[in-house]
Amino acid sequence: MSIFLDAPWVPTSKKQIRKMLNFAELKPNEILYDLGSGDGRILIIAATEFNAKAVGIELNAILVAYSNFRIFLERLQDKVHVKWGNIFLRDISEADVVTMYLLQQTNNKMMKKLKEELKPGARVVSYVFTFPDWEPTKTDKESKLNLYTV
Ligand SMILES: C[S@@+](CC[C@H](N)C(=O)[O-])C[C@H]1O[C@@H](n2cnc3c(N)ncnc32)[C@H](O)[C@@H]1O
């Protein structure tokens, strides 16, 4: 396991998160995984506005601690969990929807794991970056969103 981050922390705006989750058609009680969950903002919006369960995987321990503090303040401990770890090493097989805002080279490395581990029908929404060898189910060029279905 490398401690080198596969993407810097650049938080997504709340407006963009709502677009992402609507684009993925996230439904109540579905399980969302945010790979590289930063300060937990996608998880919190998924739980509070979409009534989903949400799991984040984040390598930066300070961001994990901050996310857990926010989850505690919002009383979301039953619905939102953040795991400290590397997205390439954690099990993501229970996800119905995966959100990603990483880097192009990280997406390239991640595609194999997504296809092997996720269940058929799981949706992956990637902000800004794409999966070059994977045909998207839909794209929104203006919002820089790409949706892939396993
Ligand atoms: C561009 S930020 C996106 C944060 C959040 N998903 C959002 O959209 O607001 C990417 C995040 O991925 C985390 N990260 C980078 N490489 C990682 C890895 N290998 N495992 C887990 N987290 C990683 C970074 O620490 C950072 O918080």
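Residue numbers run consecutively from 1 along every chain, following the written order of its sequence. Only residues with pLDDT of 70 or above have their local features reported here, since the model is predicted, and side-chain atom pairs are shown and tallied only from 80 upward, although totals for entire chains, interfaces and linings are computed over all residues.

## Remarks on the nonpolar core
The following threshold applies: For this analysis, nonpolar core means a set of buried Ala, Val, Leu, Ile, Met, Phe, Trp, Tyr and Cys residues linked through C-beta atoms within 7 Å. Here exposure depends only on C-beta density: within 10 Å of a residue's C-beta, 20 or more other C-beta atoms make it buried, 12 or fewer make it exposed, and intermediate numbers make it partly exposed, the C-beta atoms being placed from the backbone. C-beta atoms are first placed from the backbone for all residues, and any pair lying within 7 Å is then listed as a contact.
Leu21, Leu26, Leu32, Leu43, Ala46, Ala54 and Val98 are the most contacted members of the largest nonpolar core, which totals 39 residues. Among residues more than four places away in sequence, those in contact with leucine 43 are Asp34, Ser37, Ala54, Gly56, Val80 and Val82.

## What about the sheet that holds strand β6 (residues 138-140)?
The following threshold applies: When DSSP locates at least two bridges between a pair of strands, those strands are taken to pair. Only DSSP runs of H or I reaching four residues or more are called helices, and only runs of E reaching two or more are called strands; each is numbered from the N terminus. Interaxial angle, 0 to 180 degrees, is taken between N-to-C directions of lines fitted to C-alpha atoms, where a helix line uses only the stretch in contact.
Pairing is mixed in the open sheet, where seven strands are placed in the order β3-β2-β1-β4-β5-β7-β6. With partners counted over all chains shown, the strands left at the sheet margins are β3 (80-84) and β6, one partner each. Sheet twist, expressed as the average angle between the axes of neighbouring strands with direction ignored, equals 15 degrees.

## Quick word on the pairing of strand β5 (residues 123-127)
For clarity, the cut-off: Note on handedness: a crossover is taken as right-handed if, strands pointing away from the viewer, the path from the first strand over the helix to the second is clockwise.
For β5, the buried fraction is high: four of the five residues fall into the buried class. Bridge analysis of strand β4 (residues 97-100) against β5 gives four bridges, and the strand direction is parallel. When the bridges of β5 are listed, threonine 99 appears paired with valine 125. A crossover links β4 with its parallel partner β5, the connecting element being helix α4 (residues 104-117), and its sense is right-handed. The pairing of β5 with strand β7 (residues 145-149) spans five bridges and is antiparallel. By the bridge assignment, valine 124 is partnered in β7 with tyrosine 148.

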